[in-house]
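# Results of the structural survey
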Amino acid sequence: MSALHLSQRGALAPASPIRRLTPLADAARERGLVVHQLNIGQPDIATPPAMIAAYRSYDERVLAYAPSDGFRAYRERLATYYTELSQDGGGATVSAADIVVTVGGSEALLFAIAAVCEPGDELLVCEPFYTNYAGFSHMLGVNVRAVTTFAKDGFRIDPERVEAAIGPKTRALCLPTPGNPTGVVLSRADLEALAAICRRRNLYFICDEVYREFVYDGPEGSRAASLLSLADFDEHAIIIDSVSKRYSACGARIGALVTRNKALREAALRFGQARLSPATVDQYAAMAALDTPPSYFREVVSEYRARRDALVAGLRGIGVDCALPAGAFYLVAPLPIDDADRFCRFLLEQFDLDGETVMLAPASGFYATEGLGRTEARIAYVLDVPRLERCVTILGSAFAAYRAQKDVGRR
Ligand SMILES: Cc1ncc(COP(=O)(O)O)c(C=O)c1O
């Protein structure tokens, strides 16, 4: 019997560089090691009590489907939140009819790319990029075209280079702000410059704003500028959002696609009808989360700022010359070794410091250009300051052990 056929799409789907080393981490734990996980953006911050209480108080007799675009009451509450965000930047109102509730920001991304690209079209991103932009594009037969940004410039995005990369098959620009993995936050002026390009070249702008509240250098309570607030851009703008990071509720799997482009919103709704509905109980919890007081965000942001500062200072102290990220909770660190992939494996397979080691995400998978990111790793600062300081000590010792081992190999 001949082997069953597996599609090229299935056979060639890229493994997530964030999760790829998990079997090695599991094996290290089985050997009794403590593995500090800095590879994945899973925050350790407590979910707001109002959200947890909403889960506990769910008391319906039948756990029914929700509408395909999400509960109207939830979308109306979201519309108030987005309108405030938009008007903060001088933009127009957002209505419940502009929102489709999705299964995490992930599904919003999938719907957005599917709605604007034909198979064979191009999605324009800046590398290093959030790897699932490539994962979803691959599923849809869409090619990723990447504009490289560099650690030495703090991964700054240059609009001229973005425009120069647009080809005949490019349909959309897709960028996160604040950025994963770079921590770059786009200013309003940056958004305006990129939007002007999209207008001129007739592209959609998929703006992934799931880390909106996580900005560290503005006045207290600042949020990253939102694409929703730009004037005369309604037909082009698609906003990706999620409760995962905002409320430290990654397991809720609730996100949103927001657009004032009616045809696009209709397409997203029809995709939503195919998967029937987003989760019911989680939407109630996400609705309750909207009542989270500003003091929660003040505390969380100040905690992440302290983590960022401790991590960057610590890394610089062990010879890692990394840029200070302005937002989200990641940084891309150029490591003082020859091969980050090998080093990340070494950490899990061959190294420990008094029974502890660290898991990082090798950065090559965050680039589309072959060969880039080979000596970089993405680090998520999702652990508290004492644990991050311990991780820096472990890494410092691991660099020395890795180099010593290579020297022995060479002799
Ligand atoms: C930039 C970015 N966009 C979207 C997502 C999707 O998150 P979720 O599906 O949990 O909402 C993530 C998750 O890490 C992310 O980092």
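Residues numbered from 1 in each chain as written. Predicted model: local features only at pLDDT ≥ 70, side-chain atom pairs only at ≥ 80, totals over all residues. Heavy atoms only, no water.

The next thing to look at is the overall build of the protein chain. For the protein chain, the helix and strand inventory stands at 13 helices and twelve strands. For 411 residues, the compact-globule formula gives about 22 Å, and the C-alpha radius of gyration of the protein chain, at 22 Å, lands near that figure. When the 411 residues of the protein chain are sorted by exposure, 54% land in the buried category. Taking the contacts inside the protein chain whose residues are at least 6 apart along the sequence as the reference set, 77% of them involve residues at least 24 apart. Carbon and sulfur atoms make up 53% of the accessible area of the protein chain, which amounts to about 17,700 Å² in all. Positive and negative side-chain charges in the protein chain, numbering 45 and 49 respectively, have mean positions lying 3 Å apart. (Helix = DSSP H or I, 4+ residues; strand = E, 2+ residues; numbered from the N terminus. Rg over C-alpha atoms; globule rule 2.2 N^0.38 Å. Buried < 20%, exposed > 50% of the residue type's maximum accessible area, 1.4 Å probe, protein only. Contact = heavy atoms within 4.5 Å. Areas by Shrake-Rupley, 256 points an atom, 1.4 Å probe, with all protein chains shown as cover. Lys, Arg positive; Asp, Glu negative; His and termini not counted. Charge placed at Lys NZ, Arg CZ, Asp CG, Glu CD.)

So, about unusual backbone geometry. Residues Glu 127 and Pro 128 are joined by a peptide bond in cis, for which omega reads 0 degrees. Its place among the elements puts Pro 128 in the loop between β3 (122-127) and α6 (132-139). Residue Thr 177 is joined to Pro 178 through a cis peptide bond whose omega torsion reads -10 degrees. With respect to the helices and strands, Pro 178 occurs in the loop between β5 (170-176) and α8 (188-201). At Asp 232, a position not held by glycine, the phi torsion is positive, near 55 degrees.

A separate point is the sheet that holds strand β12 (residues 376-380). With antiparallel pairing, three strands are arranged side by side in an open sheet as β9-β12-β11. Single-partner strands in this sheet number two, and they are β9 (330-334) and β11 (361-362). (Pairing = 2+ DSSP bridges.)

Our focus in this paragraph is the domain arrangement of the protein chain. We note that the domain assignment places domain 1 (10-39 + 295-410) and domain 2 (49-289) within the protein chain. Distance from the C-alpha centre of domain 1 to the C-alpha centre of domain 2: 27 Å. On the side of domain 2, 30 residues touch domain 1, which itself brings 32 residues to the contact. When domain 1 packs against domain 2, the two sides together hide about 2,600 Å² of surface, and 65% of this comes from carbon and sulfur. In this structure, the connection of domain 1 to domain 2 is made through two salt bridges. The closest approach of N and O atoms between Glu 220 and Arg 298, which form a salt bridge, is 3.7 Å. (Domains from an automatic or database assignment. Buried area = accessible area lost by both parts, 1.4 Å probe. Salt bridge = Lys/Arg side-chain N within 4 Å of Asp/Glu carboxyl O.)

Around the ligand, a shell composed of Gly 104, Gly 105, Ser 106, Tyr 130, Asn 180, Asp 208, Val 210, Tyr 211, Ser 242, Ser 244, Lys 245 and Arg 253 is seen. At 2.5 Å from an oxygen atom of the ligand is found a side-chain nitrogen or oxygen belonging to Ser 242. At a separation of 2.7 Å, an oxygen atom of the ligand approaches a polar side-chain atom of Arg 253. Protein contacts shield 93% of the accessible area of the ligand, which totals 400 Å² for the unbound molecule. In terms of residues, the shell around the ligand owes the most to one element, helix α5 (residues 104-116), which gives three residues. Grouping the constituent residues of the shell around the ligand by class yields three nonpolar, six polar and three charged. (Near = heavy atom within 4 Å. Polar contact = N/O pair within 3.5 Å; in protein donor to acceptor, adjacent residues only side chain to side chain. Nonpolar A, V, L, I, M, F, W, Y, C, P; charged D, E, K, R; others polar.)

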